[in-house]
Amino acid sequence: MALNPRREELLRALARVRMYAAGLEAALDPAHAAFTGKAVWVGPVARDFTAELTGRRARLRVLTQRIVEDLENELRATPERVARPSAAW
């Protein structure tokens, strides 16, 4: 039995995706903090904008986590070892 190359690829991909996911999940944090902190903009349009920004921020986090979870599920379903291919001479 040999290490499964597919599993190795998935492990590398998952590590990269987790790194990018952290950046994506935090991408809207500065804008969200600005609009939900001090009153930088007020009124009904500002409230609507803040609500939409909050919703998009939450959606981005959910979708990013789904990508990570899908890769983790694929990794769990991939055997660690596979039979060595036989050499055809």
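Within every chain, residues take consecutive numbers counted from 1 along the sequence as written. For this predicted model, a pLDDT threshold of at least 70 governs which residues receive local features, and a threshold of 80 or more governs which side-chain atom pairs are given and counted, while totals over whole chains, interfaces and linings are taken from all residues. Hydrogens are left out, water is left out, and the side-chain values use all remaining heavy atoms of the structure.

**Some words on the packing of aromatic side chains**
In this description, an aromatic ring pair is defined by two values, namely the gap between the centres and the angle between the planes. What counts is decided by this rule: Only rings of Phe, Tyr and Trp enter the pairing, Trp through its six-membered ring, and a pair is recorded when the two centres are within 6.5 Å. The plane angle decides the type: under 30 degrees is stacked, over 60 is edge-to-face, the rest tilted. Only protein chains enter the area calculation, which uses a 1.4 Å probe; residues under 20% of their type maximum are buried, those over 50% are exposed, and those in between are partly exposed.
With the rule as written, the count across this model stands at three aromatic pairs. Ring geometry for Phe 35 and Trp 41: centres 6.1 Å apart, planes at 70°, overall edge-to-face. The partly exposed category is assigned to Trp 41, whose relative accessible area is 40%. Between Trp 41 and Phe 49 the ring centres are 5.6 Å apart and the planes differ by 55°, which places this aromatic pair in the tilted class. On the accessibility criterion, Phe 49 (37% relative accessible area) is partly exposed. Of the aromatic side chains, those joined through ring pairs into one cluster are Phe 35, Trp 41 and Phe 49.

**Focus: helix α3 (residues 44-77)**
The periodicity of an α-helix, 3.6 residues per turn, causes residues three or four places apart in sequence to face the same way. Heads up, the rule is: Here a helix means four or more residues in a row that DSSP labels H or I, a strand means two or more in a row labelled E, and each is numbered from the N terminus. Here the expected span of a helix is defined as 1.5 Å times the quantity of residues minus one. The contact criterion used throughout is that any non-hydrogen atoms of two residues lie within 4.5 Å.
The terminal C-alpha atoms of α3, which comprises 34 residues, lie 49 Å apart, in line with the 50 Å expected from a rise of 1.5 Å per residue. Every buried residue belonging to α3 is among Ala 46, Thr 50, Leu 53, Thr 64, Val 68, Leu 71 and Leu 75, and all of these are buried. Residues of α3 that are buried sit in contact with α1 (5-26) and α2 (29-36).

Honestly, it's all geometry; don't read function into it.
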